[in-house]
Amino acid sequence: MPELATLAVGDELPPITRTLDRLQLVLYAAGSGDFNPLHYDPDFPQARQIGDNIVFGRLKYAALGQLVSDWLGHQGFIRRISASYRGMDRRGQPFTCRGRVTGLREEHGQCIAELELWTEGSDGQRTTEGTAEVTLTTLPALPVVAPYRTANAHAYRMSSQQIGRASCRERV
């Protein structure tokens, strides 16, 4: 999860690696309704021609979404995400999802992070490229107020700066 106080341009997201077998591709085909045999049928002529079945582009897109979501945890949400497919990943071959922070800005009091995303095959070649924009939030620790002290509740009100909420603008 990103630490808002120390997040900086150039920070890398923790990578995730996927190796998909035929069953996973068939299950994805059933769930998505995309029954193109290039993705699951080993006897399909195009699959034979290129050496094996290829991973669905939308499945790689979903893996990039998981990369961002896992990194955010409960400290933000994805505003937008996009991907462009540049190469093929084959069944049984690992591909890794990676990302890095490319920009930080404050917008309407919220910290916005811009991300570069990509998948790469086991040979290191990028097979999918994308971007995402996320809104980062924090849940500051609030002071505990005992019920018998409610008369002094005004003494426990604090601004976000007093609580220690970091400003995105300070690091840009």
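Thresholds applied
- Residues numbered from 1 in each chain as written.
- Predicted model: local features only at pLDDT ≥ 70, side-chain atom pairs only at ≥ 80, totals over all residues.
- Heavy atoms only, no water.
- Salt bridge = Lys/Arg side-chain N within 4 Å of Asp/Glu carboxyl O.
- Helix = DSSP H or I, 4+ residues; strand = E, 2+ residues; numbered from the N terminus.
- pLDDT = per-residue confidence, 0-100.
- Contact = heavy atoms within 4.5 Å.
- Polar contact = N/O pair within 3.5 Å; in protein donor to acceptor, adjacent residues only side chain to side chain.

Participant: Which parts of the structure should I look at to understand the pattern of salt bridges?
Facilitator: All chains considered together, the criterion is met by 12 salt bridges. Between R79 and E107 there is a salt bridge, with its nearest N and O atoms 2.9 Å apart. One end of the pair, R79, is in strand β2 (residues 76-85); the other, E107, is in strand β3 (residues 95-107), and 28 residues separate them in sequence. The salt bridge involving R126 is made with E116; its shortest N-O contact spans 3.0 Å. On the criterion of sequence distance, the pair formed by R126 in strand β5 (residues 126-136) and E116 in strand β4 (residues 110-121) is long-range, its members being 10 residues apart.

Participant: Mind showing me how you'd approach the confidence of the model for the protein chain here?
Facilitator: As a general rule, the predicted coordinates of low-pLDDT regions are not to be interpreted in detail. Per-residue pLDDT for the protein chain has a mean of 85; in total, 80% of the residues score no lower than 70. Looking over the protein chain, one finds the lowest element-wise mean pLDDT in helix α4 (residues 160-163), namely 38, and the highest in strand β1 (residues 16-18), namely 98. Contacts for the low-pLDDT stretch residues 139-143, under 50 throughout, to residues beyond four places or in other chains number five contacts. Segment residues 148-165 is flagged for pLDDT under 50; beyond a separation of four residues in sequence, or across chains, it makes 13 contacts in the model.

Participant: I tried to follow the environment of E12 on my own but got confused; where do I start?
Facilitator: On the secondary structure map, E12 appears in the segment before β1. Each C-alpha atom of the pair E12 and E116 lies 9.5 Å from the other, and the pair is 104 residues apart in sequence. Setting aside residues up to four positions removed in sequence, E12 forms contacts with G99 and R100. Only 3.4 Å separates the side chain of E12 from the side chain of R100, close enough to count as a polar contact.

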